[in-house]
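Commentary on secondary and tertiary structure
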Amino acid sequence: MQTEALYQLYKQHPIITTDTRKIEHGSLFFALKGPRFNGNEYATEALQKGAEYAVVDEIADENKANEKLILVDDVLTSLQQLANHHRNQMKIPVIAITGSNGKTTTKELLYQVLSKNYKTFATPGNFNNHIGLPITILQTPAGTEMLILEMGDNSLGEVDALCKIANPDLGLITNIGKDHLEGFGSFENNIRAKSELFNYLIQNGGNAFIPSKDDILFNMSKRFKEPILYGKEGNFSYLKFNEESVYVSFETENENTYQSKLFGAFNFANIEAAWCIGKYFNIPESLLSEAVCNYAPTNNRSQIVEKGTNTLLLDAYNANPSSVSAVLQSFINMKNPKQKLAILGDMLELGEISSEEHFEIAKQACNAKLTSFFCGSLFFEHKSSFPEATFFEKKEELAAFLQKRKLESHFILLKGSRGIKLETLLDYL
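Residues numbered from 1 in each chain as written. Predicted model: local features only at pLDDT ≥ 70, side-chain atom pairs only at ≥ 80, totals over all residues. Heavy atoms only, no water.

The next subject is the sheet that holds strand E17 (residues 310-315). Read across the open sheet, the six strands follow the order E16-E17-E21-E18-E19-E20; overall the sheet is mixed. Pairing within the sheet leaves two strands with one partner each, and these edge strands are strand E16 (303-307) and strand E20 (390-392). Strand-to-strand twist across the sheet, computed as the mean angle between neighbouring axes with direction ignored, equals 20°. Of the strand pairs in this sheet, E16 and E17 are connected by five bridges, and their pairing is antiparallel. When the bridges of E17 are listed, Val 305 appears paired with Leu 312. In this fold helix H16 (residues 395-405) packs onto strand E18 (339-345), strand E19 (372-375) and E20, with an angle of close to 145° to the strand it touches most, E19. (Pairing = 2+ DSSP bridges. Helix = DSSP H or I, 4+ residues; strand = E, 2+ residues; numbered from the N terminus. Axes fitted to C-alpha atoms, helices over the stretch in contact; angles between N-to-C directions. Contact = heavy atoms within 4.5 Å.)

Moving on, we come to unusual backbone geometry. Here Asn 167, not a glycine, exhibits a phi torsion of approximately 45°, which is positive. Within the secondary structure, Asn 167 sits in the loop between helix H6 (158-166) and strand E10 (170-173). On the basis of relative accessible area, Asn 167 is assigned to the partly exposed category, the value being 23%. Despite not being glycine, Ser 302 has its phi angle at roughly 50°, a positive value. Here Ser 302 lies in the loop between helix H12 (285-294) and E16. (Buried < 20%, exposed > 50% of the residue type's maximum accessible area, 1.4 Å probe, protein only.)

Below, the discussion takes up the side chain of Glu 285. Mapped onto the elements of the fold, Glu 285 is located in helix H12. For Glu 285, the side chain forms a polar contact with the side chain of Thr 252, separated by 3.2 Å. Setting aside chain neighbours within four positions, we find Glu 285 in contact with Thr 252, Asn 254, Asn 256, Tyr 258 and Trp 275. (Polar contact = N/O pair within 3.5 Å; in protein donor to acceptor, adjacent residues only side chain to side chain.)

In structure tokens:
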């Protein structure tokens, strides 16, 4: 079936499902394949559970007469082409956000900001890859006036592929750091990968929001005719970062001071980006400040959790050398009467530079004379280099230690990769 014909069915049944455990009545089921599953094998089950049609690229002989099975060359490609076709019917701004760190927090902040004046839709959760992004586009409610799309990547070409589906008008690269280097191969390749968003915008008449304090991104801004700069006095948008405490506070060009519910200087960059884009779309300062200051993060991202007499800074959704170093430095600089403790988990997917980067993070913490617990085999290999710190090869060993020690009146940072799941230590803190 061709995209246009499939689109007519989608308009009648605009609910997309890819999981038979989550079938909604009247939906379109896309039988995706993966390394360990073949959605085609579940197509008839999806129909039995209430899907109106199932899009497949394989049909068993006994099911060939079933008119509810729609045969295409490739299910994933059909999903992406359908999403692109739907996006091209929308006459609204589409804003793409990518970057090594902060893209989800920036997306959530921007959603709060733009929702003050516009009917806005944004990528739910982490639906930011080659499957999640087209599903997000197809889930966009009727009447939406602003669409925010997060784009994740871990190898060259992925952002470009997502742009060709989403056709963004405007874009933001939050920063470029040392993330997914196992997939990119090098930091230079990561720069090339992230810049695919800007390349697409330039080739298709779009524009970009660019933090002028970031030398790499500011250098890229010269390729745009009129980039929207923020971060320095004289730029389109400028905020001043106040002295570091637990929560980020800042001052506007109108000399008004506000305090957010986010911790750490690294989150100030996310606020700056959302503020700039909101200003670009004529959101007044009163509403900008309300949106930014009322946003409270969830899902183990930059959360502040009170546990008895302990205050926890929980940022355990993901980690790479750039993000860990930034969070760690913010934590070191923060003023707090409680005893500080950093609990740092392994940083995954770093490839050949893994050992070096774990050493550097341990060195940063120990040079600051910060009480530190390092968790995981990648940190553990550096135990002998930092006798002043405490190392745990397995998280279960750290959990048992914390359960026995019962910390009180501590100011604690928890930061590690998603695979480490440091949030499971909360029961012992």
